[in-house]
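Architecture and fold: a report
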Amino acid sequence: MHSTDRLANTRLLAQEVEAVIALGAAAVWAEEGHALLDMIEAWTTYERLAVIAAAERFWACSEGGYEEGLRAVGLLPES
């Protein structure tokens, strides 16, 4: 996401995810993609900010590999 305005990012989150889904195979994303978008639409602004912050931490730490990025956001245990 390119905007530096945190609230603008929360409003754009669903649109950004929808654009990424459109790049994938329709057969794969048809059901799961819509479920993900429905989930995002139900999130509060605070929940969207938390997901955006986690994604930013992941990408900032993933230069050492995806496992490092996943550990940074708490999705993998520390080794």
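What counts and what doesn't
Residues numbered from 1 in each chain as written. Predicted model: local features only at pLDDT ≥ 70, side-chain atom pairs only at ≥ 80, totals over all residues. Heavy atoms only, no water. pLDDT = per-residue confidence, 0-100. Helix = DSSP H or I, 4+ residues; strand = E, 2+ residues; numbered from the N terminus. Salt bridge = Lys/Arg side-chain N within 4 Å of Asp/Glu carboxyl O. Buried < 20%, exposed > 50% of the residue type's maximum accessible area, 1.4 Å probe, protein only. Core = buried A, V, L, I, M, F, W, Y, C linked by side-chain atoms within 4.5 Å. Polar contact = N/O pair within 3.5 Å; in protein donor to acceptor, adjacent residues only side chain to side chain.

Concerning the confidence of the model for the protein
Summary statistics for the protein give a mean pLDDT of 80 and a share of 94% for residues scoring 70 or more. Mean pLDDT in the protein bottoms out at helix H4 (residues 66–72), which sits at 78, and peaks at helix H3 (residues 45–61), which reaches 85.

Points about the pattern of salt bridges
For the coordinates displayed, the defined rule picks out 1 salt bridge. Across the salt bridge formed by arginine 48 and glutamate 41, the nearest N and O atoms sit 3.8 Å from each other. Judged by relative accessible area, which is 10%, arginine 48 ranks as buried.

Here's the deal with the nonpolar core
Soluble globular proteins: nonpolar side chains tend toward being buried together. Judged by nonpolar contacts, Leu13, Ala14, Val17, Ile21, Leu37, Ile40 and Ile52 together constitute the single largest core of 7 residues. Listing elements by their share of this core, those giving two or more residues are helix H1 (6–23) and helix H2 (26–42).

Quick word on the side chain of arginine 48
Considering the arrangement of structural elements, one finds arginine 48 in helix H3. Looking at arginine 48, its side chain comes within polar contact range of the main-chain oxygen of threonine 10, at 2.7 Å.

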